[in-house]
Amino acid sequence: MRSAKRSTTPRAFLRRAAGTLAAGLLAAGSLALSAPARAAGPVMRFGGPAETALHPYPASGRPQRTSVAITVDNPSRDEEHGRFEGEYTVAFDLSGIAGVADAAFGTEGGADCEITGTTGVCHGAGLSPGSNPLPEIRVGAAAGSGEGDSGTIGVTGTADGAAFTPFTTRIVIGGPDLVMEQAPLEPELEPGRTQPLLLAFGNHGTRAADGVVLTLMYTRGIEFTERYENCVYSEGDAGQGVPVWTTAQCSVEGSYEVGAVYELAEPLMLRATQRAYRDTLVYRIDEAGPTVRGAGRAAGARSAPGSRGNVLTLEEAPAVRSGDLDPRDNQQEIDFSTANTADFAAYGDTAAGPPGSTVGADIGFRNEGPAWIGNLRSGEPVATVDFTVPEGASVTTWPGACRGVTADGQYREQQAGAPRYVCDTSMAVREDAGFALHFDLRIVGTVTGAAGTVEVRNTRARDPLLPFDPDRSNNTAALTLDADHAGDSGATTSGAASGSSAGGGSAGGSTDGGSASAGSGAGGSGSTGTTGTTGRASATGGRLAATGTGAAAAAGAAAAALLAGGVLYMTARRSRTGR
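No experiment lies behind these values; they were computed from the predicted model shown.

Student: Looking at this structure, I do not really get the overall build of the protein chain. What am I missing?
Tutor: The helix and strand inventory of the protein chain stands at three helices and 45 strands. Taking all 579 residues of the protein chain together, the buried fraction comes to 52%. Taking contacts inside the protein chain between residues at least 6 apart in sequence as the whole, the part at least 24 apart equals 79%. Here the protein chain has roughly 23,900 Å² of accessible surface; of this, 49% comes from carbon and sulfur atoms.

Student: Mind showing me how you'd approach the state of the cysteines here?
Tutor: Should the sulfur atoms of two cysteines be covalently bonded, the bond is a disulfide. Taken as a whole and assessed by the stated rule, the structure comprises three disulfides. In this model C113 forms its disulfide with C122; the gap between the sulfur atoms is 2.1 Å. Judged by the sign of its S-S torsion, about 115 degrees, the cystine formed by C113 and C122 is right-handed. C122 gets classed as buried once you look at its relative accessible area, which sits at 3%.

Student: What exactly am I supposed to notice about the pattern of salt bridges here?
Tutor: Side chains carrying opposite charge are able to pair once their charged atoms draw close together. Counted under the stated rule, the structure contains 17 salt bridges. Across the salt bridge formed by E85 and R83, the nearest N and O atoms sit 3.2 Å from each other. Measuring nitrogen to oxygen at the nearest pair gives 3.5 Å for the salt bridge that ties R403 to D424. Placement of R403 in strand β33 (residues 402-405) and of D424 in strand β34 (residues 420-424) is noted, with a sequence separation of 21 residues between them.

Student: How should the sheet that holds strand β37 (residues 448-457) be read in this particular structure?
Tutor: Sheets are built from strands paired through backbone hydrogen bonds, the pairs being either parallel or antiparallel. The six strands lie next to each other as β28-β38-β37-β31-β34-β33, forming an open sheet whose pairing is mixed. Bordering the open sheet on either side are β28 (349-352) and β33, each of which pairs with just one other strand. Within this sheet the neighbouring strands show an average axis-to-axis angle of 20 degrees, counted without direction. The pairing of strand β31 (residues 384-388) with β34 spans five bridges and is classified as antiparallel. Each residue of the ladder has a partner; that of D386, found in β34, is V422.

The rules we used
- Think of each chain on its own: its residues are numbered from 1, step by step along the sequence as written.
- Given that this is a predicted model, residues contribute local features only at a pLDDT of at least 70 and side-chain atom pairs are listed and counted only at 80 or more, while totals for whole chains, interfaces and linings are drawn from all residues.
- Side-chain numbers come from the whole structure's heavy atoms, not from hydrogens or water.
- Secondary structure elements follow DSSP: runs of H or I of four or more residues count as helices, runs of E of two or more count as strands, with numbering from the N terminus.
- To sort residues, take the accessible area from a 1.4 Å probe on protein chains only and compare it with the maximum for the residue type: under 20% means buried, over 50% means exposed, and anything in between is partly exposed.
- Working rule for contacts: check all heavy atoms of both residues, and any pair within 4.5 Å makes them a contact.
- Here, Shrake-Rupley sampling with a 1.4 Å probe gives the accessible areas, and only protein chains in the shown set may cover a residue.
- Only a pair of cysteine sulfur atoms within 2.5 Å counts as a disulfide in this structure description.
- Salt bridges are defined by distance alone: a side-chain nitrogen of Lys or Arg within 4 Å of a carboxyl oxygen of Asp or Glu.
- Strands pair, by our definition, only if DSSP identifies at least two bridges between them.
- Here, axes are lines fitted to C-alpha atoms. For helices the fit covers the stretch in contact, and angles between N-to-C directions go from 0 to 180 degrees.

Below is the structure:
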């Protein structure tokens, strides 16, 4: 069996998403959250794996330890004011795993944690909104324990001004260890080209797996030529507001024995679409225990399995999956490069108004295709919009994706009234979308026909060429200012402007569904979208296209979408020589 290929880019979106799946979100209950309780202050919830499988105690040498990651969720979503500043104490009741597993706190983070007898205690202060990791508990099989032994760890918390709901996680000795083999795929593609995907996996654990879930996650430029009845498909937006990747969960019943290797009876056909450029495929295998499979059937009864083009969004089911001894080797991934191009076409605007008035301007670019462009591995912006303000105007409000700089592109502390603004896009731009920016400009002088420039370029100013865009003729546009006439530009008086010279307020715009929230330059970022019409955001921020499902929702619904069916089959192979 080949060793699993690992991602080496921790910032990458797919690495983060795949890491979430690896932690168990493929199964509906693999990440369990404790139920809320009533309290005067905030109610903090513990989260973590519902079950963790351990390698049995070895005949010689030290037992192999596994980390159990417990988190504390602060329910506030106010990043600025929602932090809990008080001190808190978390207690771990280890009496339930006595004779089953030994536990110790990890050394990372320098937290104040100690285990005395069968109780572990951690002291801390401050919980940010959202999920907060606690020090990991390292557990290994105890001497004298045997296959199938199990126990639980209870987690409770106390704090002045907050409540904690109790949480329990299960520890079990032994289990399946599904290992996905690396499939032979050609990474250099051409639009329209297909190739077979031959998937195979083995069970290196200590017991059989009760059913499996095959997960396929692939970005926008590649697709499978056929959809299957026992698979459920969902889309994720990678934070873009529109779908940029698809996830398929395929449930296959059966008992997958220790020492056996399994493969698809027929290969899947993978195709590069006309919009392909840089794409990624992740393929993963997990056990689907009877509880998860039953939840999948219930969810599937409310869906249209096997229908092309339908995207099903499901709620996370409160189920528990069986543990895998080493989930890190359940997954493989590959990056594809397709010979293709995209055409980023800049657009400007015309603004008119008398001196002293404030006028709006919508600028940006559109991706004329054919390729979609995404930097999901690095998470870096796809491009930069470089806007030079026309003479006679001073910017009062600007999108949060932008920062004011000096005329030669250097750092500038005062953001309002800058002569130039540099605006980074998000990490993906679809082939049918764009990047829209709204600025408010105060007319401070009488200049007829003054023009600023709008350039879409590489994020590195010293190397402005976009590597995927060979047509430079439309990468630059003009913003023309006419200070002699009020015109029909929607000019407002200086007292009624949506912002001030300090840059407060918001003035985001939308073209082709894309938008960038506006403000003082500290919030928001650009976004891609689907085809739409130009419009302005309210004073609270820019708009995001409300299409597609969120990445978290897609991951949370993963194994809840397991359907019964017999279209996708696995064939057992008792030896590698029979392939």
